[in-house]
Amino acid sequence: MPKEARPTTGEQAKQHALTKLRQAILHGEMAPAQRLVENELAEQFGVTRASIRAALIDLEAQGLVERIRNRGSRVRVVTVEEAVAITECRMVLEGLCASKAAVAASDEQLEELADLGVAMEKAVAAGEPVTYSDLNHRLHERIRLISGQRTAVELLERLNAQLVRHRFQLALRPGRPQQSLSEHLAMIDAIRARDPQAAEAAVRAHLAGVIEALKD
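Residues numbered from 1 in each chain as written. Predicted model: local features only at pLDDT ≥ 70, side-chain atom pairs only at ≥ 80, totals over all residues. Heavy atoms only, no water.

Engineer: Go over the pattern of salt bridges, please, and point to the residues and values.
Structural biologist: For the structure shown, the criterion picks out eleven salt bridges. Residues arginine 74 and glutamate 66 are paired through a salt bridge, measuring 2.6 Å at the closest nitrogen-oxygen approach. Ionic pairing is found between glutamate 112 and arginine 142, a salt bridge with its closest N-O pair at 3.0 Å. Here the residue glutamate 112 occupies a position in helix α5 (residues 107-125), and arginine 142 occupies one in helix α6 (residues 129-147), the gap between them amounting to 30 residues. You can call glutamate 112 partly exposed: its relative accessible area is 30%. For arginine 142, a relative accessible area of 22% translates into the label partly exposed. Through salt bridges with shared partners, a single network forms among Glu38, Arg49 and Arg53. (Salt bridge = Lys/Arg side-chain N within 4 Å of Asp/Glu carboxyl O. Helix = DSSP H or I, 4+ residues; strand = E, 2+ residues; numbered from the N terminus. Buried < 20%, exposed > 50% of the residue type's maximum accessible area, 1.4 Å probe, protein only.)

Engineer: Lay out the environment of proline 174 in plain terms, naming residues and giving numbers.
Structural biologist: By secondary structure assignment, the location of proline 174 is in the loop between α8 (164-171) and α9 (176-192). As for proline 174 and proline 129, which are separated by 45 residues in sequence, their C-alpha atoms are 9.0 Å apart.

Engineer: How would you explain the nonpolar core if you had to name every residue and give the values?
Structural biologist: Ranked by size, the top nonpolar core spans 40 residues in total, and within it Leu113, Leu139, Ile143 and Ile191 carry the most contacts. At the level of elements, α4 (80-104), α5, α6, α7 (150-161), α9 and α10 (196-215) are the ones that each hand at least two residues to this core. Discounting chain neighbours no more than four positions away, the residues touching isoleucine 143 are Cys97, Ala98, Ala101, Leu113, Met187 and Ile191. Leu41, Val47, Leu64 and Val164 belong to the second-largest nonpolar core, a separate cluster that totals 22 residues. (Core = buried A, V, L, I, M, F, W, Y, C linked by side-chain atoms within 4.5 Å. Contact = heavy atoms within 4.5 Å.)

All we've got here are geometric facts, nothing functional implied.
Take a look at the structure:
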């Protein structure tokens, strides 16, 4: 297997560190409140401390990292209250994307959404919550991309990145996949019916359910 190419400029080094750190946080390899020590990260990723520091500043702007005065940086802890507030914002933006997708989707894209729905049903029937969670993420991502609403997509990517820990916790909660499956299928059906109002309403209903689950 070929070695990963080392960054050759300061900007490349920062982007390399930024990508690696973001992936580690989003994949749960770095836990909430975990300290991010610049020296250790620089050695781990083969870049300078300055590159790590620049990457951490970008991650702070994205809401994934927080800098504590005189204590350095750590992975940001997103409280339940913040997760609810973020999901309320998602309701508006995801609803917009679903509405746009219902109008913009090609026949091929509608079939792709239908296939995702079938795969989600199979995952729930087989008792595979992690697979279901991945398919859930893919469905929302596909709807956003189909919508063509780039501004909403960019905002949602930033918001959703902050909810990774809560998303996994909900996915593993007993009975949660079964509860949300019908909500996701309603979203798919409304988009496939090319009904923008119904698509937006279905997304809002689903995310209202997410908010209730977060509060439990």
